[in-house]
Structures are given as structure tokens and as C-alpha cells.
Protein chains: 2
Amino acid sequence: MEKNEMKEMEKLALGAIRATVIDVTNRAKSGHPGMALDAAPTMLALYRDHLVADPSRPEWINRDRLVFSSGHASALLYTMLHVTGYDVSKEDLMAFRQLGSRTPGHPEVGVTAGVDASGGPLGQGIAQAVGMAIAEVSIRGRYDEGEKLMGHYTYCLCGDGCLEEGISQEAISLAGHLRLNKLILFYDENGATLDGPTSDSLTENVKLRFLSAEWNVLEVEDGEDIDKISEAIAEAKQSKAFPTVIIVHSKIGFGSKNEGSHVTHGSPLGEEDGAYAKERYGYSYPPFEIPREVYEYFGKTFVIRGNKAYDDYEEFLGDYRLTHKKEFAELCDAFDRKVEGYLPPRPEFAPDYKKASRQTSGEYLSALLPSLPFTLGGSADVAGSTNTNVKGIERFDSTNTAGRDMRYGIREFAMAAINNGILLHGGIVAYCAAFFVFADYMKPALRMAALQELPSIYILTHDSLAVGEDGPTHQPIEQLAMLRAIPNFNVFRPADGNEVVAGYEVALESKKTPTALILSRQGLPLLYTSDVDKAKKGAYLVYGKEDAEFEVIATGSEVRLVLDALNEIETIAPRIKVISMPSFELFEAQDEEYKASILSCDYEKRMSVECGSTFGWAKYAKHNFGVDRFGASGKVDMVLGEYGFTKDNIAKLIEEMVLGK
Amino acid sequence: MEKNEMKEMEKLALGAIRATVIDVTNRAKSGHPGMALDAAPTMLALYRDHLVADPSRPEWINRDRLVFSSGHASALLYTMLHVTGYDVSKEDLMAFRQLGSRTPGHPEVGVTAGVDASGGPLGQGIAQAVGMAIAEVSIRGRYDEGEKLMGHYTYCLCGDGCLEEGISQEAISLAGHLRLNKLILFYDENGATLDGPTSDSLTENVKLRFLSAEWNVLEVEDGEDIDKISEAIAEAKQSKAFPTVIIVHSKIGFGSKNEGSHVTHGSPLGEEDGAYAKERYGYSYPPFEIPREVYEYFGKTFVIRGNKAYDDYEEFLGDYRLTHKKEFAELCDAFDRKVEGYLPPRPEFAPDYKKASRQTSGEYLSALLPSLPFTLGGSADVAGSTNTNVKGIERFDSTNTAGRDMRYGIREFAMAAINNGILLHGGIVAYCAAFFVFADYMKPALRMAALQELPSIYILTHDSLAVGEDGPTHQPIEQLAMLRAIPNFNVFRPADGNEVVAGYEVALESKKTPTALILSRQGLPLLYTSDVDKAKKGAYLVYGKEDAEFEVIATGSEVRLVLDALNEIETIAPRIKVISMPSFELFEAQDEEYKASILSCDYEKRMSVECGSTFGWAKYAKHNFGVDRFGASGKVDMVLGEYGFTKDNIAKLIEEMVLGK
């Protein structure tokens, strides 16, 4: 093609993309056209000249990843997927933001071909992209000929909002530290947020901020200059050491009468302004009509490049599966999350085994990590305390990408969101650890794990008042309730060594549900009757007869406390059964018959005991003993005594229930 | 005193402080001496030469504020309070980290004289300090002769951990933007975190990062050089436009055999190493013995300065109360949070009033803000959507410190923590607003509000599936349960205009409990029988007879839905009563008689209806209808229909309960 002709085509394609964004949001009478319009040239440059992905194989493991951290610009993403040949039809676009469509309000992974991550909650997309870039580096570092097996870029689009959110700093700082040179972030600097000009709340020097975090910073002054954007991407791809941010200066709602104003952020342009904008784009087609040439334009660039890359990769893989049988099989298992053949044998605990469940967890990890080679995990600077520092497992960093021990730093939120990114990428069993009370900091990312159906594993230790001296800021109270209320999220609080093993097996075998293991700081003696398989059902009988008259349900450290309490009331004990209930969610997943056999007493004759908020327990028992105020700093036994977690007090409470006091 | 003598005294005082830190942690066999030791010279310089506060009047409103964002260094803070004459005795120090002591593991406001903020969860202290600095500026800007009424510095001590947490960036960025020149942050750069050297996870250029956020950056190379530190503070106090960070390079665990190593971070030194360190300090007194000269040293500096400042202030205030009667009375009310005389009259709603509760909230704010002059509030870039942009209320910024409308930017977590700081400072009724689903981002600060007993007000809108098109990332499901599980936290979800007013009155009248108002995006018609006073009791009868046979409990938008459903089953309706329950917590605070009169039906004959997780509802009803999976993007009516929130379906469910199906 002649240069002039090419420029004409480029203009037509850009006009088609922008016009479609307008049509899509206008038709839905809903959506956020502002950034979707102004970031169109960036996406055009990326798809046309750089992005390597095969639209007919959207799950190809070595594709470039693209995360819309600004999920509200979804209309642009769907439009790009449509014009570049993904399975997103015109009808799908016309159903934008409608119930059951493939084009929901914010991108949802699993719903739309070509969407690599769900987006919406600002800032998390950047961390998810960091996770993907880490996964790419890790898999590449893990295998012989790794650079052929895994070699892609991770792109991410963000705006002011993402950068104002603190999680972005956590993720940016860690990405610089880890030298993730194949991570390329577009900062669409469009000058407006929902409420007004960005300068109302953000005046920092973003360029300097990225430099301080050891990033490569490129800047494109004119967000309409597609060639310059493309050149910047080309330069970014050459970075050998640092992640790159490309700051693209654009005008929000480009083309609209309100171009440059925040009013284009959250509302469709409408017919009149839409027509005005299309005229400015020089785009004269009717709504939702895109000329053949536009599809061909991307067909000849993005699609051909992607098809070829996929074919080349397949050819390489055809050889690799023969020359590297073991590696190939492992890689397949890793991406299928087939862990069954890699789990360590269940440990046999001596009857006098008594360790904190965080310690048992550490022991389990010590057995697991050598036998399950495709893990990557770490903690937010509490590896020693959470027992996640496994001997012999090397640190992952820029100089040792085969390492599997991550040092996330004191960045709980980014850690959890990065974990999501690693799992979205695939090929890795990811876990992360923190003190349980700091699940608060991780909450927004825990929700996104559940929503994206990612089998993340959270190792959360120091799980109750028994934290002791560190006091109320460090003693979880309401955190169990907080996690149990999240849909598609397994909370598992083991009572002893066997139950720790059960929790790990549940977590590792899960395909679509995250699991939080809630572990004690203090020692827990082995129960006489604990059982791994039974514990995996969420709740089971650990003491008494199935048809007992009264029932006490407990979790974690409180199970043994209840058993000890029964020793104090020997005449009453035979009328009681004790249920260990490590997981509400797993129990709810059992059949009605099983559930009825476990919770068989009259509602009034059931009591729950847990060293945490009673909130949520009324579903299982009329009498709920827990902690509905904040904790206190002091020696563990003193604190537990103050809050009634002694065998004498529990015995008294059980007695009161039985005697109907 | 001769210069030599002064240096000797300084050495003695520093030795006494450090020795006491060692004694305190050794005796408790618990605590974090590392930073407490290395930051001692900074605190000595601050208290001796700069900090203006009167130890005998720790609540003096114009004192300098000091926040230990690194709350784990509490042993240092308690030691400083002791040697500078606060009501912290040697016995208190000896009870460090013991149950019921005044010296808990992390600083707790309200427990210890001289502790201005609770600390522990990293990063939040910086945001709380930013909030205090904002409060100071705001009060100063509000009054005639404001610069005499309110003129103090806010100091904050932080370490690597606080800076790794993302909230620090949110707070730092906003502080720079707002030009909080009287905010002085000490960054104790001691080279180690809990798990190892800081460089394991943090290699960013912190200096550049602060510069990018428009801070004044000072650096003290030798953390032992008290004079240099003092000079830096003096220079920082001169800053006319920018907040200042003083980067103090120190060695963790200074004096210990393990000086410079992370092993001093979380464990007491023990007797032997403690003795070694004391020898290095040249400090030869027995444990817990502090020579008289040390107290005198601070008596002649810090205490005299503070006493005089207090006396001068009182003298000024004596005049001010005469010359500015109205202002003085208002200031007193503001610091006492006496809002009663300032509340607008309760609005009378027309019978056909139908507005989203976020709109009613906006109307209430429009009436409140002109009549209650000591407010400061805003949103995380969703002022328009949360209806918190009140006409006539000017923006607060560096050029208009009398403004009361804050633009927090897209920084939910910092917003909530800054809000805590404003309330800790006192003199302001603070509120903040966000979309309800982003309560997730705010959670750690909501907990700190509850723990610190701060009457914060959260305006959280877009409260259910009725968010519609924005889809599952923006539709709250488990957030109500999350908040209800927090101790000392009021959740209030109004069903109509009257209940919105009730919620505001509860929130404004609260002295020690935060309140979250959970508001709808969609219109809510006025109930026929809603009542402000009754709603303030948390739950009350809105339909049917008190002694009805069955009972349906609902909140917010679902109250009217239930009433509409009853219209569909007229033969059954007379057997049913309907309870509106805007607040679990307020209901629980009522006497047993009232509670029994409201929840009077058999447990099996009660049903709850709420468009959110059913988690927690079993306490009040056997049958719980809600949403225990994530939402979906679509038109509001379509989404609500899909999830069963139609009058037909609710009618069917009620019928099933009544007929015992």
C-alpha cells in the first residue's frame, strides 16, 4: 500500500473503532465513553503493530496478555476484539451491558473471548498485570528452553484513577524491584476523572514517581499520533531491565463537543453529540456499520501475525514434547492445574503431636514444594511468622527467576492481586501469606479472586485473640465473618494437624474457588478423632454419639477447648456431641442427608464456640459463644481468660444450655 | 550549662531512653525493640527542641500531634511519655503489653495519656497524620484570628513498612497536593524489615518518590546525630508550601550485637545483649532506673516550653471568648461534638415523595451543612453520584482552607484513614463518601475507626444489585455482612426518606461509634408508616399487627418490595407483619422488652428479605432470602428479576412460608 492509502486506512479504522464505541454506549444508554474514545489510538497501535495473540485461540498460553485496569473503558476493548476477529459479534456489541450478554459493563474473564482479566475496581488491574508478568518470567525461568516456551509481553491500560489508588504504588514498586522488563503499562493521561479535572485531586509528577520506582518512562505528547505510540511500544519492548510506562497525553472523550471534559467520563454521548464526533472522525457509516476494509486492516496485521506466532509455537512445542517429555507433561499439568500426582503423602501424626497449625502448615509446605514443582508463593514480610519460608526453596527475583519463594514486601493488597494475576496467567499454583487480621488489606483482591473463579490459596496465621501481646489491632475478630460472606470463597480453619492437611488438599484440588487457611499462632494438640477425609466435608463428628441430644460446634483451636470443657462436666458429657466445622462452605456443599446427620439436634440445643465474631453462626446454632468486641493486649492465657475462652467457662456455658438456664 | 555538660546530659538521656526500651521489652519478653532503639535520637531531638505539648494537659486542642505510624515501636513512645512527664509511670512501663495496662502492645488512643492515635496496621498512621494536619488547617481557616486559635505541627514517625503499604502513597500524594506544610514525617530508614534487609523487597528511590508528590525532602545521614536531626526539624518547620519528610538513616536495633539486622525487629534483646547494648550507650544504671537528671533534662526543655505555650494559649483564649463569643462557643461545641443545636429540622416528606436514598441524603446534607458549620467531608471522586456535592459549600484546598468540600481523589482507603485522623484531631464533624462496594478498599480504616471509637460518617451509595449495568465488580453482595460484623460499628440502611433522616441523626449524635449509611441508587417511595424516631431504634413495625402470626423483616429498598408483595397475596397478608430493620446494631442496643415486641413470632415463622448476602440473617429469621452469589451486568429490572427481587417472587416465598411448603 502507498503511504497515503495506509494513512487513509488508519483513519478509517480509528473512526470505525470510535464510532462503534459511541454506538455501543448510545444503544445501551449506559457506559463510559470518555476514555474508551481517547485511548483508541493507543489500542489501534498496539493491536496493529505489536500485540501477539491469535483471535481464534484466545486461550493460547504464550499469547501477549492485555489487562484493562481501567475496566470502565470496556466498550473500547470489546470493539477491538470485534474488529480483530475474536468471537465477539456485532450482536454481542449491540447487547452491551445487557443481562447475559458477552459484553458486560466491565470486562469479565471467562465471559468474553480475548478478555484476559476482569476489571473495574481501580488499581487492581495494574497489580494483576504485574502478576502475569511475574508468571511469564517464572515459567520461562523454570524450564529448559524456557525462553521459547514462554516469551510474551504483558500490556496494561490504566488512567488517573488507577494511579491514585494505593495498590498501584505497591505493584509499581515491586515490578521495578523485580525488573519486569516485559511489562508495558499505558498511562492514558486524559486530564479528567469522574468528578472533574484530574488536577482537582492529583498534581503529582507521575513521571518522577515511576522513575523513583525504577521504571523506564516514555512519553507521547500527542495521543492522536498512532505512529509515535507505536514507536514508543517498540522502544518499550527493547527494555532489558526495567518495566516501561508509556504516558500518553490524550483528551478525554476525543471528538465529542465535550472533549477534554469529565462529563464524557460516565455518560454516553447521545445521538447528536455522537453524530458530531463521527463527523470529526470523518466517519460516515450508519450506526454499527463497519466497512470490510477495517476488518481486513487488522486481518492483514494483527491476525496474520498472531496466526503465524501460534503456528510457530505449535511447531516448537511439537518438538519439545518429544525432546522434553517430562517438562512438557509438567507444563500441561501446570496449565490444567492437575496437582493430583504431585501431592505429598498424608503425614501420620504421632498421638502426642502438638503444634501450632501455622507450624503444621510449614511442615506441609516443606513436603509439598519439592514434590509440586510449579508453585510460586510468598508472604508480605512475615515469612518467618507464617512459616512459609521453606528450606531449600530459593528466592524468586530478577537474578533467579527459577526461584519459587516470593518476597512481596509489606504490600498485602498488591500481593493478593498479583496472586490473582499469576493465576489468570496460568501455569502456576500460587499462594500467599499474611497475618489474618491483614486480610482486611487484601479484601478487595480476595473478592476479585472469587469473582474471577481463581483457586488462590491464602495462608493466614495468628487467627484469634491468641495473638496475645500485639493487641487489638492485630487480633482478628470479624475477619472470619468477612471472608465467609464472600460468594465462591472457601474459608478453612483447621483444629489440628490432620485438618491442616485437609485444608491444603481442598485448596490445592480446587479449580475455581479460592481457599483461605486460617491458622493458629499457638500450639494445637492432635484430636483423637480428627480425620482428613471427614474434615474435607467441612464439618464432622469428633466426639459423642450421632444421635446425641445436644450439640456443640467449634472450629480451630476451640474444638479441643470444647473437648477439654466436657471433661469438666462428666455427667452431662454423654448427652452431647461435638462437631468440628473447619469450613462452612464445604459443609454447605454436602448433600442434605449428610448435613442433617451432622446438625441433628434441635436448633435450641446447639451451641457454637469460636474465638471470633459470632456473626453468621446463628445459622447453625441457637447459642453462639464468641467475641463481639475488640481484643486486648496481654499474655495469651490472660486474654483468653478475660474473654471467657477457658475450659471452665465453656463447661459452664454448655451446662447452662443443657440445664436450660 | 557548658556545651560539654550538655552533651553529657544528652548522652545520658539517650542512654536512659534506650535502656528503658530494652528493659521494657525484656521484662515483657515481647515487643519490637529494633526501631524503638534506632529512632530514639529522633524522638529525643523532637521532644527536647520542638514538640509543643503540655504533659499535664494531654488533651489540649492546640498541642502538636505525634503519630507513631510504626506502632510496633510503642516501647519508645511510652518511654518518651514517661521521661517527659506524662501520666505514664514506671509501673506502667513495667506492665508493658500486659492485660489492662496503660502500655499495650501497640499504641491505643484513649488508653494512654499522650497517645494521639492508635497504631499498628502499617501505613494508616501516615494517613491519620495527614488527617490531623488537614484538621489543623481547616480549623485555622474557619475562624477569625484562626492562626492563633489553631497553629500546631503534626509529626509522624514511619518506617519502610508504612511506605511499602499503598495507602502511604495515597496519603502522601494528597498531602502534597493540599500543601500541608505543617506536616512533618520522619522516615526512619533503618535498613531492615521483619523478614530481612529492606532491599529484599524495596529498592525504590524514596527521596524521588516524595519529590514527585511535591514534598520537601530533607535527609539526615547519621541517625545518631541529634543536632542534625533537630536542625532538619527546624528547617522543616519553616516550609511555607510543602509537607516535609525527614529521611533519617539509622541502624535497626542500635547498640545490640545484632545492630543492623532484622533479628532485632520483633524480639527483645534479652539480658545479655541488653547489657552489651547498655554498655555501648555508656549507661550504667540498673534496670528501670532512670536518674533524676534525665527527667530534669526534659523538664527544662519540653515541659517548660509546653507549659508556657499552654498558658499563652489560655490567655489568648480568655480574650477570645469575650471578643468572639459566637466563634468561641462554636469551637467548644465542635471539640465536644455537640451537634444538637445545629441540626436542621426534620423534613416533612410529601406522601408521593419518591427518591433514591442517595438523593434524600444529598437533600439532607444541603440542609445540614449550612446549619452545622464545623464539618469537613467529601468523596473519592464520586461526589456527583453519591450526591455529596452540596451547592454553596466551597471546596477545601490550599487556596481556600475555609472550604468544607474535600476532593479525596480515587483514594478510598486513605480517605477513610484521613477521616479518622480528622476525628482524632477533633473540632470537626467528618464524613466521606464512596460507592458501597468500595467499602472493601476502606475496610482496614473502618476497623480502625471502630477500634478508636471515632464517630465517623460514611455515605455509601449504590447499595445492591440495583447498581445494574456496571455489573458484578460494582454490585455489593457481602459488604453489609462485612460491616455488620465489625464491633462498635453502626450500619444503617434506610428504606425511605424518613429513615435517611433517622440515619443521619444517629450518625451525627454518635460520640464513639462510626456509622455507615447504606444508600440506594434507585428511587424509593416513602413508606406509609415510616417514622424517624422508630427507625432510630434499629427495627420497627411498618405493617400489620404486633401479634401477627408471621413476620417478614427487610431493609432498605426491600421493605417496599415486601409491602408490594403482600398486595399480591391479600388473603395471607393479614396474618403477617412487616419489620423495617435499618440497623442490626441499634436494634440490639434496645431493651429486651422492645426487642421481643418486634421479633415476636416463632423463629420458624420469620423471613428476612435483603438484596445482599444472607450471611448473618439467621439470627433474626429462619427463612433468609438474599443474594449468595455475585451479581450481573444488565438493566436494573432485568438483574433484580434474575435474582428473584420481584414482588411476585417475594409473594411466592412468603406464601410458601405461611403454607409451610
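Along every chain, residues carry numbers that run from 1 in the direction the sequence is written. In the order they appear in the text, chains get letters beginning with A and ligands get numbers beginning with 1. Local features in this predicted model are restricted to residues whose pLDDT is 70 or higher, and side-chain atom pairs enter the listing and the counts only when it is 80 or higher, whereas totals over whole chains, interfaces and linings include all residues. In computing side-chain values, all of the structure's heavy atoms are included and hydrogens and water are not.

## Here we look at the packing of aromatic side chains
For any pair of aromatic rings, the description consists of the separation of the ring centres together with the inter-plane angle of the planes.
Right, on to step 1. Pairing of aromatic side chains here covers Phe, Tyr and the six-membered ring of Trp, requires ring centres within 6.5 Å, and sorts the geometry by plane angle: under 30 degrees stacked, over 60 edge-to-face, intermediate tilted. Using the criterion set out here, one finds 52 aromatic pairs over all chains in the structure.
Right, on to step 2. Pairing A:Tyr458 with A:Phe489 gives two aromatic rings, centres 5.9 Å apart and planes at 10°, and the pair type is stacked. Of this pair, A:Tyr458 sits in strand β10 (residues 457-461) while A:Phe489 is found in the loop between α19 (479-484) and β11 (490-492), placing the two residues 31 residues apart along the sequence.
Right, on to step 3. Within the aromatic cluster, the residues linked to one another by ring pairs are A:Phe584, A:Phe587, A:Tyr594, A:Phe615, A:Trp617, A:Tyr620, B:Phe584, B:Phe587, B:Tyr594, B:Phe615, B:Trp617 and B:Tyr620.
Right, on to step 4. A ring is considered to have a charge above it if a Lys NZ or an Arg CZ atom is located within 6 Å of its centre and within 35 degrees of its normal. Over the ring of A:Phe254 we find A:Arg280, and its NZ or CZ is 5.2 Å from the ring centre.
Right, on to step 5. Seen from the ring of A:Phe584, A:Arg484 lies directly overhead, with NZ or CZ sitting 3.9 Å from the centre. Numbering of helices and strands runs from the N terminus; a helix is a DSSP stretch of H or I covering at least four residues, while a strand is a stretch of E covering at least two.

## As for the sheet that holds strand β11 (residues 490-492) of chain B
Residue and element names in this part refer to chain B.
Right, on to step 1. Pairing between two strands requires that DSSP report at least two bridges joining them. Taken in spatial order, the six strands of this open sheet run β8-β7-β9-β10-β12-β11, and their pairing is parallel. Two strands in the sheet have a free side with no partner beyond their single neighbour: β8 (405-407) and β11. Averaged over all neighbouring strand pairs, the angle between strand axes comes to 20°, with direction disregarded.
Right, on to step 2. As defined by bridge partners, strand β7 (residues 375-379) adjoins β8 across three bridges and the pair is classed as parallel. When the sheet's bridge partners are listed, Gly378 is paired in β8 with Met406.
Right, on to step 3. Two residues form a contact once any of their heavy atoms are found within 4.5 Å. To obtain each axis, a line is fitted to C-alpha atoms, and for helices this fit is confined to the stretch in contact; angles are then taken between N-to-C directions over 0 to 180 degrees. On the sheet, helix α18 (residues 439-451) packs against β9 (429-435) and β10 (457-461) and is oriented at approximately 160° with respect to β10.

## Focus on the relation of the copies chain A and chain B
What connects the two chain copies is a rotation about an axis and a shift along it.
Right, on to step 1. Once chain A has been moved 0.0 Å along the axis and rotated by 180°, it coincides with chain B to within an RMSD of 0.0 Å. What the superposition gives is, in effect, a two-fold axis relating one chain to the other.
Right, on to step 2. A symmetric contact is evident, with 100% of the interface residues of chain A recurring at the interface of chain B. Residues reaching a pLDDT of at least 70 in both copies supply the C-alpha atoms on which the copies are superposed by least squares.

## Side note on helix α1 (residues 3-28) of chain A
Right, on to step 1. What a helix should span is 1.5 Å times the count of its residues minus one. The end-to-end C-alpha distance of α1(A), which contains 26 residues, comes to 37 Å, matching closely the 38 Å that a straight helix rising 1.5 Å per residue would cover.
Right, on to step 2. The positive-phi residue at the C-terminal boundary of α1(A) is A:Lys29, with phi of around 50°.

## Description of the environment of A:Phe396
Right, on to step 1. Locating A:Phe396 in the fold gives a position in the loop between α16 (383-386) and β8 (405-407).
Right, on to step 2. Relative accessibility under 20% of the residue-type maximum defines a buried residue, over 50% an exposed one, and the middle range a partly exposed one, all with a 1.4 Å probe and only protein chains included. Taking the relative accessible area as the measure of exposure, A:Phe396 reaches 3% and is therefore buried.

## What to know about the interface of chain A and chain B
Many authors give the size of an interface as the accessible area that is lost as the parts come together.
Right, on to step 1. Counting residues at the interface gives 98 residues for chain A, matched by 98 residues for chain B.
Right, on to step 2. Values labelled buried area give the accessible surface lost by two parts on being combined, using a 1.4 Å probe and summing over both. Broken down residue by residue, the surface that chain A buries against chain B is led by A:Leu99, A:Arg447 and A:Phe615, which jointly contribute 10%.
Right, on to step 3. Should a side-chain nitrogen of Lys or Arg be within 4 Å of a carboxyl oxygen of Asp or Glu, the pair is scored as a salt bridge. Run the count over chain A and chain B and you get 14 salt bridges.
Right, on to step 4. When the shortest N-O distance is used, the salt bridge between B:Lys443 and A:Asp440 registers 2.8 Å.
Right, on to step 5. Residues adjacent in sequence count toward polar contacts only when both atoms are side-chain atoms; beyond that, a polar contact is any pair of N or O atoms within 3.5 Å, and within protein one must be able to donate a hydrogen and the other to accept it. Between chain A and chain B we count 62 residue pairs in polar contact (both at pLDDT 80 or more) in total.
Right, on to step 6. For the side of chain A that touches chain B, the elements supplying multiple residues, two or more each, are α8 (160-164), α9 (166-177), α10 (206-212), α16, α17 (412-425), α18 (439-451), α19 and α25 (636-642) of chain A.
Right, on to step 7. Among the elements that make up the side of chain A that touches chain B, the one with the highest residue count is α18(A) (eight residues).
Right, on to step 8. Residue classes follow a fixed rule: Ala, Val, Leu, Ile, Met, Phe, Trp, Tyr, Cys and Pro count as nonpolar, while Asp, Glu, Lys and Arg count as charged, and any other residue, Gly among them, counts as polar. In terms of residue class, the side of chain A that touches chain B is made up of 39 nonpolar, 32 polar and 27 charged.

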